[in-house]
Amino acid sequence: MSLNNPILNHHISSQFNEELQDVNTKFMTMGGFVEQQVANAIHALLDTNVELAIDVQIQDGVVNRLETEIDEALTLILARRHPAAIDLRMVIAMSKANTDLERIGDEAAKIARIAQSLCEEGGSPRGYMETRHIGNQVRVMIHDALDAFARLDVEQALQVLLADADIDREYQSATRTLMTYMMEDPRHISRVINVMWVLRALERIGDHARNISEQVIYMVKGLDVRHTSVKEIEEKVHK
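Residues numbered from 1 in each chain as written. Predicted model: local features only at pLDDT ≥ 70, side-chain atom pairs only at ≥ 80, totals over all residues. Heavy atoms only, no water.

Trainee: How should the pattern of salt bridges be read in this particular structure?
Mentor: Any two side chains of opposite charge can pair, given that their charged atoms come close. In total, this model carries 12 salt bridges according to the counting rule given. Its salt-bridge partner being R65, residue E69 comes within 3.5 Å of it at the nearest N-O pair. Taken together, the residues span about one helical turn, with E69 and R65 both in helix 3 (residues 50–81) at a distance of four residues. Among the residues examined, E69 registers a relative accessible area of 27% and is labelled partly exposed. We classify R65 as partly exposed; its relative accessible area is 47%. The shortest N-O distance in the salt bridge between R210 and E214 comes to 2.7 Å. Here R210 pairs with E214, and both are found in helix 7 (residues 189–221), just four residues apart, close to one helical turn. There is no split in this pair, since R210 and E214 are both buried. (Salt bridge = Lys/Arg side-chain N within 4 Å of Asp/Glu carboxyl O. Helix = DSSP H or I, 4+ residues; strand = E, 2+ residues; numbered from the N terminus. Buried < 20%, exposed > 50% of the residue type's maximum accessible area, 1.4 Å probe, protein only.)

What follows is the structure in structure tokens.
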């Protein structure tokens, strides 16, 4: 997050700025780590790499530790600085985005567990093409959401919201395709269902990336746009 942004300079004391910057550095470190965990989990599945799948599950503990450390640091800032207005919005937004990052880590670990199972028991005959496609899109969403958060970029945040709507549609289409396949050829139902769980986890990751982007809009515009359609959000932001 660029705390030298002219939108914010008027509001932030140097001490508050320094403390929040320290937390933000840890937050962005966590974001980069989580982004890599998602990539590794997908690679573990697609490349039949059981060692990588196991590593992703082990490394989930790092994400959990970072979430706790960030929460503690933000609580201290609230207690010491009693921030108001945009300062308070920034602390609240980072706290909520921190939770979403941790949950992305959980979904990556879930994908890795399924990847390990499929590596050990045998792969699915269908669903990997959809996994690769949706996985690539979701990875871009995470990256763009974190970049929007770092630069307080409302327009980029809006693009992430639009991308999430695309992911939802593609997830539904892929699910229908795989269900049709299972009805036509029930021999590999359990394995195909595992891939469907992976796709569900990817769709959830997209939701969390959307949530992070919604916090960007909250920080910059002071608008709570949760549970609001993208069209309504665009209208509110561009008023």
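Trainee: I keep staring at the packing of aromatic side chains and nothing clicks. Help me out?
Mentor: Pairs of aromatic rings are described using the distance from one ring centre to the other and the angle between the two planes. With the rule as written, the count across this model stands at one aromatic pair. Judged by centre distance (5.0 Å) and plane angle (35°), the ring pair of F27 and F149 falls under tilted. Here F149 lies in helix 5 (residues 128–151) and F27 lies in helix 2 (residues 14–46), a separation of 122 residues in the sequence. Per residue, the accessibility class of F27 equals that of F149, and both read buried. (Phe/Tyr/Trp six-rings, centres within 6.5 Å; stacked < 30°, edge-to-face > 60°.)

Trainee: Looking at this structure, I do not really get the nonpolar core. What am I missing?
Mentor: Side chains of nonpolar character tend, in soluble globular proteins, to be buried together. In terms of nonpolar packing, the biggest core is built from 71 residues, with L20, F27, I104, F149, L202, I205 and I217 touching the most fellow members. Broken down by secondary-structure element, the contributors of at least two residues to this core are helix 2, helix 3, helix 4 (85–121), helix 5, helix 6 (154–184), helix 7 and helix 8 (230–237). For this core, the leading source of residues is helix 7, giving 15 residues. (Core = buried A, V, L, I, M, F, W, Y, C linked by side-chain atoms within 4.5 Å.)

Trainee: What should I look at first to understand a nonpolar patch on the surface in this one?
Mentor: A surface patch of nonpolar side chains, amounting to about 270 Å² of accessible area, comprises I189, I193 and W197. Along the chain, I193 turns up in helix 7. We classify I193 as partly exposed; its relative accessible area is 33%. (Patch = residues over 30% accessible without salt bridge, like charges linked within 9 Å, V, L, I, M, F, W, Y side chains within 5 Å. Areas by Shrake-Rupley, 256 points an atom, 1.4 Å probe, with all protein chains shown as cover.)

Trainee: Sorry if this is basic, but what is going on with the environment of V63 here?
Mentor: Mapped onto the elements of the fold, V63 is located in helix 3. Since its relative accessible area comes to 0%, V63 is described here as buried. Sequence spacing of V63 and Q172 is 109 residues, and the spatial spacing of their C-alpha atoms is 29 Å. V63 has contacts with M30, F33, V34, L101 and E102, leaving out every residue within four places of it along the chain. (Contact = heavy atoms within 4.5 Å.)

Trainee: Quick question: what am I supposed to make of unusual backbone geometry here?
Mentor: Negative phi is the rule for most residues except glycine; trans is the rule for most peptide bonds. We note that H82 has phi near 45°; this positive angle belongs to a residue other than glycine. By the element assignment, H82 lies in the loop between helix 3 and helix 4. Taking relative accessible area as the criterion, H82 reaches 61% and is therefore assigned exposed. The backbone of A85 shows a phi angle near 50°, a positive value even though the residue is not glycine. Locating A85 in the fold gives a position in helix 4.

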